[in-house]
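Okay, here's what each chain looks like letter by letter:
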Amino acid sequence: MNNIGIVGAGSIGLLFASYLSKAFTVTLYTRTSEQAEIINQKGIILQKEGKELRVSLKAIPISMWTGAEELTIIAVKQYQLQSIVEHLANTDSCPKNLLFLQNGMRHLTILEHLNADTILVGSVEHGASKVNSYTVRHNGEGAVNAALYKGELELLIKLAEKCTSIDFPITIKDDYYQMMVAKLIANAVINPLTAILQVNNGELIANTFYFSAVKKLFLEISTILNLEDPIRKFRNIIRICKKTGENQSSMLKDFEAGRRTEVDAILGFLLDEAAKQQKPAINIENYYYLLKGKEQSREGVN
């Protein structure tokens, strides 16, 4: 495998493009022709630990994406997926191999209807922020996990082998559902609370009152997801908060930038699950309403 397409040029798309271009021929598909033009001119600037690295690659507007690459990584927000699927339906060729990197779990229903030969799903714990249309800051190293949703595992094995050689490792997980549940739990606790409180991740465990809210929210999530090992999952949340203590969650960044959040993909999924099981979800429901209310009260959400 040599050619990779990356759809989406936000923080994660830019981060993956800057690293993977060390081992693959990468084509980055952007939402606007203006972003594609400036990346073609200036490359991608990767900022890490006070240093800058310039990476040259080809950028093309997403309207020209045909899925010709050996693997396409879908790095858009979950609420943007439907337009991506519709775009695919209008192209002559469907990409054979896809890797999805979305928060939440509502997109699983979309994946069921795709005709790709191999579909992979992943979770990203790296801290990354988009400085401008061609610059990304790698705030903190985390994990990239990936698992097979359908198709051949060999593609993921080859990807992981190459990524290890460029110091951007991908850990292969056996069970895609459990992998995504683990990421969902962290997202469902850290993202809503930091967005509402407008604090960095570390404040959730440093402030005793915030930490009490973390515990109550986690307990409710644990009950809805029927977690078998809740203590280990809770310790993972604490670990992430410590490791990314100075970072802002993606949901807080979205609010500050005036963008739509992924609250429906994260808390919305949990509310659906609670309804199916006829379980109460008082905390989740309240945080969901608060976040949707904040979105509605803003002008110019895009």
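Higher on the page you've got the structure.
I will try to describe carefully the structure that is included in this document.

Reading the values: the criteria
- Residues numbered from 1 in each chain as written.
- Predicted model: local features only at pLDDT ≥ 70, side-chain atom pairs only at ≥ 80, totals over all residues.
- Heavy atoms only, no water.
- Helix = DSSP H or I, 4+ residues; strand = E, 2+ residues; numbered from the N terminus.
- Buried < 20%, exposed > 50% of the residue type's maximum accessible area, 1.4 Å probe, protein only.
- Contact = heavy atoms within 4.5 Å.
- Areas by Shrake-Rupley, 256 points an atom, 1.4 Å probe, with all protein chains shown as cover.
- Lys, Arg positive; Asp, Glu negative; His and termini not counted.
- Charge placed at Lys NZ, Arg CZ, Asp CG, Glu CD.
- Pairing = 2+ DSSP bridges.
- Axes fitted to C-alpha atoms, helices over the stretch in contact; angles between N-to-C directions.
- Parallel < 35°, antiparallel > 145°, perpendicular 65-115°, else oblique.
- Left-handed = near helix turned anticlockwise from the far one by under 90°.
- Polar contact = N/O pair within 3.5 Å; in protein donor to acceptor, adjacent residues only side chain to side chain.
- Phe/Tyr/Trp six-rings, centres within 6.5 Å; stacked < 30°, edge-to-face > 60°.
- Lys NZ or Arg CZ within 6 Å of the ring centre and 35° of its normal.

### Considering the overall build of the protein chain
Point 1. Looking only at helices and strands, the protein chain has 12 helices and 12 strands in total.
Point 2. Considered along the principal axes of its C-alpha atoms, the protein chain spans approximately 50 × 40 × 40 Å.
Point 3. Within the span of the protein chain, comprising 302 residues, buried residues form 52% of the whole.
Point 4. Partitioning the contacts of the protein chain with sequence separation of at least 6, the portion at a separation of at least 24 is 68%.
Point 5. Carbon together with sulfur atoms contributes 48% to the accessible area of the protein chain, which is approximately 14,300 Å² in total.
Point 6. With 33 positive and 32 negative side-chain charges, the protein chain shows a separation of 4 Å between the mean positions of the two kinds.

### Notes on the sheet that holds strand S1 (residues 3–7)
Point 1. Spatial ordering of the open sheet is given by S5-S2-S1-S6-S7-S8-S11-S12, a layout of 8 strands whose pairing is mixed. In this open sheet, the two edge strands, each paired with only one partner strand, are strand S5 (58–61) and strand S12 (171–173). Along the sheet, successive strands turn relative to each other by an average axial angle of 25°, direction set aside.
Point 2. Examined bridge by bridge, strand S2 (residues 25–30) and S5 share 4 bridges and lie parallel to one another. Residue pairing for S5: leucine 28 is matched across the bridge by alanine 59.
Point 3. Relative to the sheet, helix H1 (residues 11–20) contacts S1, S2, strand S6 (71–74), strand S8 (118–124) and strand S11 (144–150), its axis offset from that of S2 by approximately 165°.
Point 4. Its contacts with the sheet put helix H6 (residues 176–197) on S8, S11 and S12, and the angle it makes with S8 is roughly 25°.

### Digging into the packing of H6 against helix H9 (residues 230–243)
Point 1. Look at H6 against H9: their axes get within 10 Å of each other, and the N-to-C directions meet at 55°. Between H6 and H9, the crossing angle belongs to the class labelled oblique. Here H6 and H9 pass one another in a crossing that is right-handed. Two secondary-structure elements touch here, H6 through Ile185, Ala186, Val189 and Ile190 and H9 through Lys233, Ile237, Ile240 and Cys241.

### A look at the side chain of histidine 126
Point 1. Tracing the backbone shows histidine 126 in the loop between S8 and strand S9 (127–132).
Point 2. According to the relative accessible area criterion, histidine 126 is buried, its value standing at 11%.
Point 3. Within the local environment of histidine 126, its side chain forms a polar contact with the side chain of histidine 138, the two groups lying 3.0 Å apart.
Point 4. Not counting the four nearest positions on each side in its chain, histidine 126 is found in contact with Leu15, His138, Gly140, Glu141, Gly142, Ala143, Val144 and Phe168.

### Looking at the packing of aromatic side chains
Centre-to-centre distance and the angle between the planes together describe a pair of aromatic rings.
Point 1. The tally for this structure, following the rule as stated, stands at 7 aromatic pairs.
Point 2. Above the face of the phenylalanine 255 ring, lysine 294 is positioned so that its terminal group lies 5.3 Å from the ring centre.

### Some words on the side chain of asparagine 187
Point 1. Tracing the backbone shows asparagine 187 in helix H6.
Point 2. Among the residues examined, asparagine 187 registers a relative accessible area of 6% and is labelled buried.

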